[in-house]
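Letter by letter, the chains look like this.
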Amino acid sequence: MKGDKFLKLLQIQNLELEITRVNNSIKKLQGQAEDLIARIEKLKEERERLIKRIEELKREIEKHKVAIEECKKRLRRAEETLKLVKKAEEYKALLREKARNEDCIIKLINNLRALEEEIRALEEKREDKRRIKQIEELTEELSDVRYSQSRLQDKLEGLKSNLEKIKEETEREIWLEYENLKRKYGLPIILPVDSMGSCAHCGTKLPSALYSRVIQGEVVVCPSCGRFVYYEREA
Ligand SMILES: [Zn+2]
């Protein structure tokens, strides 16, 4: 193969391989970003549940306070009326009413204390502080991932436009040959021989006559896998 053509094919191939690599990296970062978003959402939901529960408790506490006031009012009314009644039956009924409201007040106050205790525990929970910190950290991580993604995206655009330019500059014949080889073998179609004189793709050791031609700078076809092999001089 002529040197110019070989260099052209190698250039096209390396660009395409690089585009594939960058594309894969972008996909991997996208996966990471999605994972981070899911984790952040989950933490936010947990926080929302906690906040909702605290709101519920606050409403419950208000209800209890109103109910306690009601019982107190009824208790006072019963006490006031007790002073006025003469009939024993009425008196007994009022005593019962008084006792009922006293019980009610005690019970409600106990409930109220328990609710206040629960709300205090929830508000002081270290777990929530840990969550807030985690959300911050994950959000920062996400923005790093997004940044890397956009950098790679720019790189990808650059590579693609390079490839387009090379395609325009390349003789149609060479381009078609490249496409044919790619269809036939899959990338890579051109590879260096390794230090042992073997094809870097299939590992077959080149016959010594072939190898010496490669060393002299010729591009040859691997007898085993059909790909082009060349000798890569150390820079
Ligand atoms: Zn081979």
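Higher on the page you've got the structure.
What you see is a predicted model; the values in this text were computed from it and never measured.

Engineer: Just give me the short version of the overall build of the chain, but keep the residues and values in it.
Structural biologist: Secondary structure summary: the chain contains five helices and three strands in total. Each helix and strand of the chain, placed in order from N terminus to C terminus, yields the pattern α-α-α-α-β-α-β-β. Expected size for 235 residues packed as a compact globule is a radius of gyration near 18 Å; at 41 Å, the chain overshoots this value by more than 25%. Judged by the C-alpha coordinates and their principal axes, the chain covers about 130 × 35 × 30 Å. Within the chain, the fraction of its 235 residues that count as buried is 9%. For the chain, the proportion of contacts with a sequence separation of at least 24, taken over those separated by at least 6, is 69%.

Engineer: Could you give an account of the sheet that holds strand β1 (residues 190-192), with specific residues and numbers?
Structural biologist: Sheet architecture is open: three strands sit in the order β1-β3-β2, paired in mixed fashion. Edge positions in the open sheet fall to β1 and β2 (220-221), since each of these has one partner strand only. Judged from the two bridges that link them, β2 and strand β3 (residues 228-230) form a sheet pairing that is antiparallel. What sits directly across from Val-220, in β3, is Val-229.

Engineer: How would you explain helix α1 (residues 3-84) if you had to name every residue and give the values?
Structural biologist: Because each turn of an α-helix spans 3.6 residues, side chains separated by three or four positions end up pointing in the same direction. With 82 residues, α1 extends 122 Å from end C-alpha to end C-alpha; this agrees with the ideal 122 Å at 1.5 Å per step. All of the buried residues in α1 are Leu-9, Ile-12, Leu-29, Leu-36, His-64 and Cys-71. Along its buried surface, α1 packs onto α2 (88-124), α3 (126-169), α4 (172-185) and β1.

Engineer: Help me get a handle on the nonpolar core, residues and values and all.
Structural biologist: Grouped together as the largest cluster of nonpolar side chains are 13 residues, with contacts concentrated most on Ile-190, Val-193, Cys-199 and Val-229. Setting aside its immediate chain neighbours within four residues, Ile-190 contacts Leu-9, Leu-10, Gln-13, Arg-227, Phe-228 and Tyr-230.

Engineer: How would you explain the environment of Lys-107 if you had to name every residue and give the values?
Structural biologist: Its location among the elements puts Lys-107 in helix α2. In the structure, Lys-107 is positioned 31 residues away from Leu-138 in sequence and 46 Å away in space, judged by C-alpha atoms.

Engineer: Give a detailed account of the environment of Glu-48, specifying residues and quantitative values.
Structural biologist: Mapped onto the fold, Glu-48 is located in helix α1. According to the C-beta neighbour criterion, Glu-48 is exposed, with 10 such atoms within 10 Å. Between the C-alpha atom of Glu-48 and that of Val-193, which follows or precedes it by 145 residues, the distance is 61 Å.

Engineer: Describe the packing of α1 against α2, listing the residues and the values that go with them.
Structural biologist: As a packed pair, α1 and α2 sit with axes 8 Å apart at the nearest point and diverge in direction by 160 degrees. Relative to α2, the element α1 lies roughly antiparallel. For the crossing formed where α1 meets α2, the hand is left-handed. Looking at the contact of α1 with α2 residue by residue, the classes come out as 20 nonpolar, four polar and twelve charged.

Rules behind the numbers
- Residues numbered from 1 in each chain as written.
- Predicted model: local features only at pLDDT ≥ 70, side-chain atom pairs only at ≥ 80, totals over all residues.
- Helix = DSSP H or I, 4+ residues; strand = E, 2+ residues; numbered from the N terminus.
- Rg over C-alpha atoms; globule rule 2.2 N^0.38 Å.
- Buried ≥ 20, exposed ≤ 12 C-beta atoms within 10 Å, placed from the backbone.
- Contact = placed C-beta atoms within 7 Å.
- Pairing = 2+ DSSP bridges.
- Expected span 1.5 Å × (residues − 1).
- Core = buried A, V, L, I, M, F, W, Y, C linked by C-beta atoms within 7 Å.
- Axes fitted to C-alpha atoms, helices over the stretch in contact; angles between N-to-C directions.
- Parallel < 35°, antiparallel > 145°, perpendicular 65-115°, else oblique.
- Left-handed = near helix turned anticlockwise from the far one by under 90°.
- Nonpolar A, V, L, I, M, F, W, Y, C, P; charged D, E, K, R; others polar.

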